Amino acid sequence: MSDYEEIQARLGVRFANPAILETALIHSSFVNETADQSISHNERLEFLGDAVLGMWIAERLFRDFPDEPEGTLTRYRSLLVRRETLAFIADELQLGEALYLGRGEIRSGGRRKPANLSRALEAVIAAVYLDRGYDTTGQVIDRLFERHFADLPGMAAAADSKSHLQEIVQGRYHTPPEYRIIEENGPDNAQSFTAEVIVNGQVRGTGRGSRKKDAETAAAQEALEYFRNTLHLE
């Protein structure tokens, strides 16, 4: 199977016009290094995909959480469409390996950059929308984001812990906390990670989890406990 066929299989949709999928995978750095003026990069598709994704996510949240206020729905939407989530899904689809990149972008690790991955996913969503319509695009989005919809309360709690820690650290030291993964164990299907959070040059929290973000959240919670005890915070 070609890369496009594999990507279509992962998306669960077959394009009537595969050329639009190809355009979604062309980074501007590739266009800048080619003499072929007929080649277009994916930034216009990225713009459209961002809007389509945001609309479908908003509709789904509106239906799935009928008792939640606007502020909670807005928070949930921001967690789902943030760069970290989009890059994670793009990585699952292996979009980085299929991207057309300039030589300099490849050398700088462009296939793994969260910005490139998240933008590529938005462009691919736009390509599905233009080729197959809104309803099919929504079905694709639902499949790609299903685990993230299910994990929204946990994602919100994690974001709260890290945001609260950042507020404390930024206010006290005028620099954000830094997270680093110090240990990875286990096979791919049963991995565990250990993370540290460094504040003003010192480790203030250590945490473990089955995902990197879970380990970082646990580290943030331990650091929060440290600051609550030392600064007598509520």
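Note that the structure is predicted; figures quoted are calculated from it, not measured.

Cut-offs applied
- Residues numbered from 1 in each chain as written.
- Predicted model: local features only at pLDDT ≥ 70, side-chain atom pairs only at ≥ 80, totals over all residues.
- Heavy atoms only, no water.
- Helix = DSSP H or I, 4+ residues; strand = E, 2+ residues; numbered from the N terminus.
- Buried < 20%, exposed > 50% of the residue type's maximum accessible area, 1.4 Å probe, protein only.
- Contact = heavy atoms within 4.5 Å.
- Core = buried A, V, L, I, M, F, W, Y, C linked by side-chain atoms within 4.5 Å.
- Pairing = 2+ DSSP bridges.
- Expected span 1.5 Å × (residues − 1).
- Arc of directions from axis to C-beta.
- Phe/Tyr/Trp six-rings, centres within 6.5 Å; stacked < 30°, edge-to-face > 60°.
- Lys NZ or Arg CZ within 6 Å of the ring centre and 35° of its normal.
- Axes fitted to C-alpha atoms, helices over the stretch in contact; angles between N-to-C directions.
- Salt bridge = Lys/Arg side-chain N within 4 Å of Asp/Glu carboxyl O.
- Left-handed = near helix turned anticlockwise from the far one by under 90°.
- Nonpolar A, V, L, I, M, F, W, Y, C, P; charged D, E, K, R; others polar.

## Some remarks on the environment of T175
Move 1: Residue placement: T175 occurs in the loop between α11 (152-173) and β1 (178-185).
Move 2: T175 sits in the partly exposed class, given a relative accessible area of 29%.
Move 3: With residues up to four places along the chain from it excluded, the contact list for T175 reads V169 and Q170.

## Some points on the nonpolar core
Move 1: Ranked by internal contacts, the top residues of the largest apolar core, which has 46 residues, are L11, L25, L95, L121 and F145.
Move 2: Take this core: its biggest share by element is nine residues, from helix α9 (residues 114-132).
Move 3: The residues contacting L25, other than those within four sequence positions of it, are Y4, I7, L95, A98, L99, Y100 and V124.
Move 4: L165, I168, V199 and A219 belong to the second-largest nonpolar core, a separate cluster that totals ten residues.

## Remarks on the pairing of β1
Move 1: Where β1 meets strand β2 (residues 192-199), seven bridges bridge the pair, whose relative direction is antiparallel. Residue pairing in the sheet places I181 in a bridge with A195 of β2.
Move 2: Between β1 and β2, which pair antiparallel one after the other, the connecting turn spans six residues, and G186 there sits at a positive phi close to 90 degrees.

## Describing helix α5 (residues 70-81)
Move 1: Over its twelve residues, α5 extends 16 Å from the first C-alpha to the last, a length consistent with the 16 Å expected when each residue adds 1.5 Å.
Move 2: Residues L73, Y76, L79 and L80 constitute the buried set of α5. Down the axis of α5, the buried set is contained in an arc of 125 degrees. They therefore lie on one face.

## Considering the packing of aromatic side chains
Move 1: Under the definition given, this model contains five aromatic pairs.
Move 2: Their ring planes at 90 degrees and their centres at 6.5 Å tell us that Y129 and Y134 sit as a pair that is edge-to-face.
Move 3: Take Y129: its relative accessible area is 30%, and that puts it in the partly exposed class.
Move 4: On the accessibility criterion, Y134 (24% relative accessible area) is partly exposed.
Move 5: Measuring from ring centre to ring centre gives 5.1 Å for Y226 and F227, while their planes differ by 75 degrees; the resulting arrangement is edge-to-face.
Move 6: Classification of Y226 by relative accessible area gives partly exposed; the value is 30%.
Move 7: Linked through ring pairs, W56, Y129 and Y134 together constitute an aromatic cluster.
Move 8: Across from the ring centre of F149, 3.9 Å away, lies the NZ or CZ of R60, which sits over that ring.
Move 9: One Lys or Arg, R63, reaches over the ring of W56 and ends 5.8 Å from the middle of that ring.

## What about the sheet that holds β1?
Paired through backbone hydrogen bonds, the strands of a sheet run either parallel or antiparallel to each other.
Move 1: Ordered in space as β1-β2-β3, the three strands form an open sheet in which the pairing is antiparallel. Of all the strands in the sheet, just β1 and β3 (202-209) have a single pairing partner and so form its edges. Each neighbouring strand pair of the sheet contributes to a mean axis angle of 20 degrees, computed without reference to strand direction.

## Comments concerning the pattern of salt bridges
Move 1: According to the stated counting rule, one finds 16 salt bridges in the structure shown.
Move 2: Among the salt bridges present, the one from K113 reaches E105, with a minimum N-O distance of 3.0 Å.
Move 3: Taking the relative accessible area as the measure of exposure, E105 reaches 15% and is therefore buried.
Move 4: What emerges from the salt-bridge pattern is a single network uniting R60, D64, D142 and E146.

## Description of the packing of α9 against helix α10 (residues 134-150)
Move 1: In the contact formed by α9 and α10, the axes pass within 7 Å of each other and the chain directions differ by 145 degrees. Considering only the axes of α9 and α10, their crossing is right-handed. Contacts between α9 and α10 pair L121, I125, V128, Y129 and R132 from the former with Y134, T136, T137, V140, I141 and L144 from the latter.
Move 2: Looking at side-chain class alone, the contact of α9 with α10 contains eight nonpolar, two polar and one charged residues.

## As for the pairing of β3
Move 1: Inspection of the sheet shows β2 paired to β3 by seven bridges, in the antiparallel sense. Counted as the bridge partner of T194 is R208 from β3.
Move 2: Following β2, the chain reverses through two residues before pairing antiparallel with β3; N200 in that reversal takes a positive phi of roughly 55 degrees.

Interpretation in functional terms is not warranted from these geometric data alone.
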